[in-house]
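Results of the structural survey
Single-letter residue listing:
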Amino acid sequence: MAKRDTIEKLEILADAAKYDASCASSGSVKRNSRATGGIGSTTGSGICHSYAPDGRCISLLKILMTNFCIYDCRYCVNRVSSNVARARFSVDEVVKLTLDFYKRNYIEGLFLSSGIIRNSDYTMEQMVEIARRLRVEHRFGGYIHLKTIPEASPELIEAAGRYADRMSINIELPTDRSIEDYAPEKSGNRIRKAMADVKGHLEAARPSRQDVRRNRKRPPRFAPGGQSTQMIVGADDTDDGAILKTSTTLYSGYKLKRVYYSAFSPIPDASKDLPLIRPPLMREHRLYQADWLLRFYGFERSEIMEGARNGMLDLDVDPKLAWALQRREKFPVDINRADREMLLRVPGLGSRGVDRIIRARRHGALRLGDLGKIVQSVRKIQPFITCTDWQPRGLTDSLHLRAQLAPKPQQLSLF
Amino acid sequence: MIRVSLGSEVDFAGWREAARALASNAIAPSDVNWQIGEGGLFDTLSDPLPPPRGEIRVPRGFVNLARNAVCHRDPQRFSRLYALLFRLQTKADLLANDVDDEVRWLKKVDKEIRRDLHKMHAFVRFRKLGDRGSREVFAAWFEPYHRIEQRTAQFFVDRFTGMDWAIVTPEARIVWEDGQLSFGPGGTRSEVPEEDVIEEQWKSYFQAIFNPARLMPKAMQAEMPKKYWKNLPEAALIPEMIAGAERRAKDMQVAAPTAPTALSKRIAGRGDGIDDLTSRDGLIRALSTCDRCSLHCHATQAVAGDGPLEAAMMIVGEQPGDQEDLDGRPFVGPAGQLLDQAFARVGIQRDAVYLTNAVKHFKFEVRGKRRIHKSPSVSEIEACRWWLDNERGLVRPRLILALGASAARAVMGHSVRIGTARGQEFVLDDKTLVHVTVHPSYLLRLQDRSQKIEEWKLFLSDLERAKQRVSEAAGRPVA
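Residues numbered from 1 in each chain as written. Chains lettered and ligands numbered in written order. Predicted model: local features only at pLDDT ≥ 70, side-chain atom pairs only at ≥ 80, totals over all residues. Heavy atoms only, no water.

An unreviewed UniProt entry lists chain B under the name Type-4 uracil-DNA glycosylase, from Pontivivens insulae. Here chain B is described in UniProt, under the heading Sequence similarities (unreviewed entry), as follows: "Belongs to the uracil-DNA glycosylase (UDG) superfamily. Type 4 (UDGa) family." (UniProt positions renumbered as here; feature names shortened; annotations may be inferred.)

As recorded by an unreviewed UniProt entry, chain A carries the name Elp3/MiaA/NifB-like radical SAM core domain-containing protein and is attributed to Pontivivens insulae. In the Cofactor (unreviewed entry) part of its UniProt record, chain A is described as follows: "[4Fe-4S] cluster".

Rendered as structure tokens:
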């Protein structure tokens, strides 16, 4: 094989990494380079430096160290049986590329993943070495996201956490059965075990209240941005109910910061076992909305599924509205009296809108005109609320409500 | 009428000083005229700024909102800010009222400034000029909407501390050289190099990371509006990428699957061995892939027993809990800690007994953000008995102490009422003695204090009796 130059390798190894949806550079501690005189900072909230025409943000240099892989996961462009072009970056090349991009303000940092070469430990060791060189030799203060290679030794995981802001390991498929079918070398148990180990390190790195009070030395740092995972949606026949069940299991068991949902999209040289469909983007979007309701709006999974049909979320309306249409007896909600928890359940009200309502109503009862100034769309919330000069009367229970609130069909075409 | 002259378009310090003096003298906003730079003809008609009378108070947050608002291009910003400050003197919680028009104005301009800052942080593109000594030197041209150059400087200093750079805008320049920050007059695009060698790599990356099967140009433009494109080297590629996307996605769909690579066949040939269940390692390895019931689908791992294989006593619990599931060892959570206390009281060495569970995977249901323990079903206990039997074969204890009904069922093979079985001694076919008591988690759940003490005593005496029987049977050959 002819030796490839940096651009050729970059094309292959970025192309191979793009199926990872996560590009977040948020959630870590705030850092700057004033004391070190090096390069790099993190602001806590993350910055998207560019956007590709797929609408996705480009925040990190997202690459694979190599796309050679000994695994044969059907959904993966890098599986051993695929005939895609292969390449491998050296440690030096990744370090240089990251610094070159960072100094020109193209990126917030590095997202490094890899195919498994030789074995888990060897692969992980190389990745940790890249992170170590950036942090220690180049005083790099930007964001680093490292993939956890399943079954890498605990010492390597610990070292990775010392340098990384975030760690992640992808569950890939929503059920153990599918993992077995599509990723024969992986197992749900092993992936969850790796998450449990990372969680253990995360907890050990958090000083207890006693430690803080007694001013004890802080435990060594470990991935302050926490851990995340990704699930592919639409490669297998798992329904949304089962997907959300897996999400809640992962959130509750391993304190994940995020579960990413990635609509399965056709890949070059695809396995014949897979549906070569258009990626189910709307379904992916609804899953993210449901995920938000679980984490920030006090919804239980079972409640979200009340608005679903045959285990699938409604594609025409968002999951909160779908739930509300099934539970109309809970509405209308009095904007001037209801507690925060109930306001959060009003379709069309987000958490910021709710905060604004709660603050503003201390200054006097709110009228429809006032609401118009502080919420996104009064029209959307009207059927579900009452306020000083508004009663929805029959509207809440109207049979046509769904049709009124659902977006017009042509807007659904996302391709 | 008082006329206040500010030093520049973005003179926050000047505004603050004057506003303090005015508000402390209760001078109404309508009596103040804010101007930038020295005025002309009517100067002589204006009254002088009075000296401040004591401190004035503003709510937390107002200063930062005002600092941002000063960068805005709204020509009325200084007077509107003072009007708000004036009202805040009599209504301290005014900012919480998002229905108020002036509060909305302040939050709106603040939001616009934050967005402008954010986009500047994101879209500045440095190009390399060369090296000066050991330091690399870069320059960038950028066109912000508002006058945010001073406001944004610290961000770039914090981030690009180790290199020298200048950001030039039409109205100002920010310069960081040898650790010194300075500001200067605006400039032109031609001051910044036309290109940078790394840009080719960046453009390749931009193209490669794009997934043509998910084309959504509107979503892109919402976050990266076209007005920024002219200063983004990668943006020139966008039209071509959009035009070719559908074709590329289709090609992937219609391409016939190719034959698997030769390497994959070689790797697929590697088989797994069959585990030897009569050794501890073999048992643990086999257990780790157990799918005899559906509990493995959501648990982290199967938790095998722990303790010496020569142990005379085996203690069987119900199932791993939240902590055991994460840790991989039995009895490390709250119930395990209580058991340790009981061991200490009756003089049992934890590392002399073999501890295990009737069911090896954690069963739970998610409520909010927590995993709540759920009792195993009869069929799950039955499915898992196979492992317990193998463990018994391996350890061959003289006595098994079953904690709780699930454990008793697994050991005895039929349902057992704890109330009746407690205090009795059963003998299994292979002559193993069986005692039954409650699970320590039962003790943890009790609310009533006196009942708690009573049950704790009973539990200790059950342990005591089991310990007694193990030592009595010590002379007897193990069946």
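1. Some details on the domain arrangement of chain B
Under the domain assignment used here, chain B contains domain 1 (2-119), domain 2 (124-191), domain 3 (198-247) and domain 4 (280-475). Domain 1 of chain B and domain 4 of chain B are separated by 71 Å when their C-alpha centres are compared. (Domains from an automatic or database assignment.)

2. Looking at the pairing of strand β4 (residues 135-141) of chain B
Residues and elements named next belong to chain B. Of all 7 residues in β4, 7 are buried, a share of seventy percent or more. Side chains R135, V137, A139 and W141 project from β4 onto one buried face, and the interleaved E136, F138 and A140 project onto a second face that is buried too. Judged from the 5 bridges that link them, strand β3 (residues 127-132) and β4 form a sheet pairing that is antiparallel. Each residue of the ladder has a partner; that of R127, found in β4, is A139. With antiparallel pairing between neighbouring strands as the criterion, β3 and β4 make up a hairpin whose turn holds 2 residues, including G133 at a positive phi of roughly 60°. Two strands pair when backbone bridges link them, and β4 and strand β5 (residues 164-168) are joined in this way by 5 bridges, in the parallel orientation. Each residue of the ladder has a partner; that of A140, found in β5, is I167. Read from β4 through helix α5 (residues 149-159) to β5, the crossover connection turns out right-handed. (Buried < 20%, exposed > 50% of the residue type's maximum accessible area, 1.4 Å probe, protein only. Helix = DSSP H or I, 4+ residues; strand = E, 2+ residues; numbered from the N terminus. Pairing = 2+ DSSP bridges. Right-handed = clockwise from strand over helix to strand, strands pointing away.)

3. Comments concerning the sheet that holds strand β4 (residues 109-113) of chain A
Residue and element names in this part refer to chain A. Pairing is parallel across the open sheet formed by 6 strands, whose spatial order is β3-β4-β5-β6-β7-β8. Looking along the sheet, the strands with just one partner apiece sit at the ends: β3 (60-64) and β8 (258-263). Going from strand to strand, the sheet's axes swing by 20° on average, the running direction of each strand aside. Here 4 bridges tie β4 to strand β5 (residues 143-147), and the two strands are oriented parallel to one another. Within the sheet, the bridge partner assigned to F111 lies in β5 and is H145. Its contacts with the sheet put helix α9 (residues 281-296) on β7 (227-233) and β8, and the angle it makes with β8 is roughly 165°. (Axes fitted to C-alpha atoms, helices over the stretch in contact; angles between N-to-C directions. Contact = heavy atoms within 4.5 Å.)

4. Overview of the interface of chain B and chain A
By a frequent convention, interface size equals the accessible area lost on bringing the separate parts together. Between chain B and chain A, the contact holds 85 residues from the first and 89 residues from the second. Here chain B packs against chain A, burying approximately 7500 Å² in sum over the two surfaces, 57% of which is carbon and sulfur. The largest per-residue losses of area from chain B upon contact with chain A belong to B:R159, B:Y205 and B:R214, which jointly make up 11% of the total buried on that side. Connecting chain B to chain A are 7 salt bridges. Of the charged contacts, one joins B:R159 and A:E108 as a salt bridge, the two residues approaching to 2.4 Å between their closest N and O atoms. (Buried area = accessible area lost by both parts, 1.4 Å probe. Salt bridge = Lys/Arg side-chain N within 4 Å of Asp/Glu carboxyl O.)

5. Topic: the nonpolar core
With 168 residues, the main nonpolar core has A:I63, A:F101, A:L371, B:F126, B:W165, B:I167 and B:Y205 as its most contacted residues. Among the nonpolar cores identified, the runner-up in size contains 58 residues, and B:A312, B:F343, B:V395 and B:L446 belong to it. (Core = buried A, V, L, I, M, F, W, Y, C linked by side-chain atoms within 4.5 Å.)

6. Considerations on the pairing of β5(A)
Residues and elements named next belong to chain A. Along β5, 5 of the 5 residues are buried, which leaves the element largely enclosed by surrounding structure. The two faces of β5 match: Y143, H145 and K147 on one face and I144 and L146 on the other face are all buried. Note on the crossover from β4 through helix α3 (residues 120-137) to β5: the handedness is right-handed. As judged from the 3 bridges shared by β5 and strand β6 (residues 166-168), these two strands associate in the parallel manner.

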